[in-house]
Amino acid sequence: MKKVGVALLGLGTVGGGTYRILKSMHDDIMASDGVDIEIRRIIERDVAKAEALGVDPALLSTDINDVISDPEIKIVAEFFGGIEPARSFLIASLKAGKSIVTANKEMFSKCMEDLKAAAIEGNAGLYFEASCVGGVPVIRALTESMQGNRIDSIMGIVNGTTNYILTKMADEGLEYADVLKEAQRLGYAEANPSADVDGFDSMYKLSILSTLCFRKHVPLDKIYREGISKISKTDIEYGKRFGYTLKLLAIGKLTHGKIEARVHPAFILNSNPLASVKGSFNAVLIHGNNVDDVMLYGRGAGDLPTGSAIVSDIVYAAVQDKHKLFNYSSDVSDEDFADDFTSEYYVRMTVKDKAGVLAKIAAAFGKYGVSINSVQQQAEDGKASIIFMIHRTSEAALKKAATETESLNDVISVDTIIRVI
Ligand code: NDP
Ligand code: HSE
């Protein structure tokens, strides 16, 4: 039986889940894949975490050299999070000929070029299934199962924390801050939850996913990003009245040869399959020219779902005779990316409740070619809350129209702009 030594870097949420699966599934993996996965070293500074999992103290270390110098360790799986020391440890491991498995999308999206170079140098494998969409096997689907296609779009809910928050706000009327605390307790949220709620985590994942889809490096600075921190229960409730569900979406599209990549909250029709994706579940909808639509769905965060993806990569790496690296072009310029996009919009504003205000707003919109589809107004105490549903227009035009509208004397505030898919 082939025996493969593994090192685990970190024993937090993902590391803990991975450890438990490697232990509980050890014999099943031997039987199904013919490989004996042996945990030979764990790098973790918090001994209490190791004790809670019943880890043999002899496996623990805080020194990466204990991993690099062990020739029996063939695979290094990382779940520290953050850029350093994760990046340096993984590059050293790759150069030493050890394959790596990582859940760290921030580091992977920022350092994929360096990691790939080190993997080529060390003739080692680079596996990152757990970096995107938790336990959902989207990376393997893109790299191993869709080669017969040119992929022209990917759209999905790729962050468990924000989907959990939006679901609880919509279904149970809970407040944002309370639900965020619950998502942290359940191990879904990043160490700094701003990474989730401000859309950074989705942006990192979209960079990785769209690079795989379009075979061109999609760097973070080419992705439009907006999070959910300004979303209020009011907007969620208004959306419901129009038949919409609010989701944080990651969207990558190839239109006329240009890549459009964006992360933002969006209203989707309740009949859209993504509307029924709730809680920490995620889903991605991929469109290929030959297969048409492919939808993948499952838990996007948490210890065991993410550990499942890590263990899958460990086993996959362990049974390869030769590691295949994914191909994409690094030679990209501004010309490869769209600088604007179009959408329909929901715009909520607060205005003075007096004659002629609507006409002034319509005129400001009209100046930029922004056309109103419908208007709803609710007036109280001399103020009115107005919801405009806007026909498809360019983002740039909508933003100019909103800025001009906000400068009108009778407009108190433009409160929310949400794209409608
Ligand atoms: P945790 O904070 O729960 O775990 C990280 C662990 O690594 C902690 O125990 C931490 O110890 C330890 N650690 C960090 N740096 C070092 C170091 N230099 N030396 C020794 N130990 C170290 O994070 P998660 O498990 O939630 O996330 C880990 C990674 O996985 C992140 O990149 C995250 O984005 C990604 N991920 C997380 C998912 C989830 O559902 N939570 C899902 C998919 C990916 P200490 O506490 O002492 O700092
Ligand atoms: N914080 C991330 C999320 C973890 O909520 O989706 C999974 O990548």
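Quick caveat, the model's predicted, so the values are computed rather than measured.

(A) Fine view of the overall build of the chain. The helix and strand tally for the chain stands at 15 helices and 16 strands. At 24 Å, the chain has a C-alpha radius of gyration in line with the 22 Å of a compact globule built from 421 residues. In terms of overall dimensions, the chain has a C-alpha envelope of 80 × 45 × 35 Å along the principal axes. Looking at the 421 residues of the chain, the share that counts as buried comes to 54%. For the chain, the accessible surface area stands at approximately 18000 Å², while carbon and sulfur atoms represent 49% of it. When the 47 positive and 56 negative side-chain charges of the chain are each reduced to one mean point, those points stand 2 Å apart.

(B) Region of interest: the domain arrangement of the chain. What the domain assignment reports for the chain is domain 1 (2-134 + 313-318), domain 2 (138-300) and domain 3 (342-420). Its C-alpha centre places domain 1 at a distance of 52 Å from the equivalent point of domain 3.

(C) Representation of the packing of aromatic side chains. Per the stated rule, a full pass over the model turns up 12 aromatic pairs. Consider the rings of Phe-267 and Tyr-346, whose centres lie 4.9 Å apart with planes at 75 degrees: the pair is edge-to-face. A residue pair is termed long-range when its members are at least 10 positions apart, and Phe-267 in strand S10 (residues 258-269) and Tyr-346 in strand S13 (residues 342-352) qualify at 79 residues. Neither Phe-267 nor Tyr-346 differs from the other in exposure class; each is buried. An aromatic cluster of at least three residues, connected via ring pairs, comprises Phe-108, Phe-128, Phe-326 and Tyr-328. The aromatic ring of Phe-200 is capped on one face by Arg-225, whose charged end is 3.8 Å from the ring centroid. Lying across the ring of Phe-341, Arg-262 places its NZ or CZ 4.0 Å from the centre.

(D) Region of interest: the site of ligand 1. Neighbouring residues of ligand 1: 20 residues in total, closest Glu-44, Arg-45, Lys-49, Glu-190 and Gly-302. Residue Arg-45 places a side-chain N or O atom 2.8 Å away from an oxygen atom belonging to ligand 1. The separation between a nitrogen atom of ligand 1 and a polar main-chain atom of Gly-187 is 3.0 Å. Calculation on ligand 1 without its partners gives an accessible area of 890 Å², and the protein chains cover 81% of this total. Counted by class, the shell around ligand 1 contains 7 nonpolar, 8 polar and 5 charged residues.

(E) Quick peek at the environment of Thr-393. Along the chain, Thr-393 falls in strand S15 (residues 383-394). Judged by its relative accessible area of 9%, Thr-393 falls in the buried class. Put simply, Thr-393 and Arg-41 are 352 residues apart on the chain and 56 Å apart in space, counted from C-alpha to C-alpha. Not counting chain neighbours up to four residues away, the residues in contact with Thr-393 comprise Phe-341, Thr-342, Ser-343, Tyr-345, Gly-369, Val-370 and Leu-398.

(F) Expanded view of the pairing of strand S2 (residues 35-43). When you tally the buried positions in S2, you get 7 out of 9 residues, the bulk of the element. Across 8 bridges, the pairing between strand S1 (residues 2-9) and S2 is parallel. From the neighbouring strand, Val-4 faces S2, where its bridge partner is Ile-37. The sheet contact formed by S2 and strand S3 (residues 60-61) spans 2 bridges and is parallel. Within S3, the position partnered with Ile-43 by the bridge is Ser-61.

(G) Quick look at unusual backbone geometry. In this structure, Pro-85 follows Glu-84 across a cis peptide bond, with omega equal to 5 degrees. Take Pro-85: it is sitting in the loop between strand S4 (73-78) and helix H5 (86-95). Notably, Asn-123 is not glycine yet its phi reads approximately 55 degrees, a positive angle. With respect to the secondary-structure elements, Asn-123 resides in the loop between helix H6 (105-122) and strand S6 (126-127). In the Ramachandran plot, Asp-292 falls in the positive-phi region, its phi being about 75 degrees despite a non-glycine side chain. Within the secondary structure, Asp-292 sits in strand S12 (residues 292-299).

(H) Summary view of the pattern of salt bridges. Under the criterion given, the structure shown has 29 salt bridges. The shortest N-O distance in the salt bridge between Asp-36 and Lys-3 comes to 3.9 Å. Of this pair, Asp-36 sits in strand S2 while Lys-3 sits in strand S1, placing them 33 residues apart in sequence. In this structure Lys-3 comes out as exposed when scored by relative accessible area, which is 52%. Here Lys-233 ties to Glu-175 by a salt bridge, and the two come within 3.2 Å at their closest N and O atoms. Here Lys-233 is found in helix H12 (residues 233-241), whereas its partner Glu-175 is found in the loop between helix H8 (160-172) and helix H9 (176-185), with 58 residues between them in sequence. In this structure Glu-175 comes out as partly exposed when scored by relative accessible area, which is 45%. Salt bridges linked by common partners bring Lys-105, Glu-190, Asp-201 and Lys-205 together as one network.

Parameters and conventions
- Residues numbered from 1 in each chain as written.
- Chains lettered and ligands numbered in written order.
- Predicted model: local features only at pLDDT ≥ 70, side-chain atom pairs only at ≥ 80, totals over all residues.
- Heavy atoms only, no water.
- Helix = DSSP H or I, 4+ residues; strand = E, 2+ residues; numbered from the N terminus.
- Rg over C-alpha atoms; globule rule 2.2 N^0.38 Å.
- Buried < 20%, exposed > 50% of the residue type's maximum accessible area, 1.4 Å probe, protein only.
- Areas by Shrake-Rupley, 256 points an atom, 1.4 Å probe, with all protein chains shown as cover.
- Lys, Arg positive; Asp, Glu negative; His and termini not counted.
- Charge placed at Lys NZ, Arg CZ, Asp CG, Glu CD.
- Domains from an automatic or database assignment.
- Phe/Tyr/Trp six-rings, centres within 6.5 Å; stacked < 30°, edge-to-face > 60°.
- Lys NZ or Arg CZ within 6 Å of the ring centre and 35° of its normal.
- Near = heavy atom within 4 Å.
- Polar contact = N/O pair within 3.5 Å; in protein donor to acceptor, adjacent residues only side chain to side chain.
- Nonpolar A, V, L, I, M, F, W, Y, C, P; charged D, E, K, R; others polar.
- Contact = heavy atoms within 4.5 Å.
- Pairing = 2+ DSSP bridges.
- Salt bridge = Lys/Arg side-chain N within 4 Å of Asp/Glu carboxyl O.

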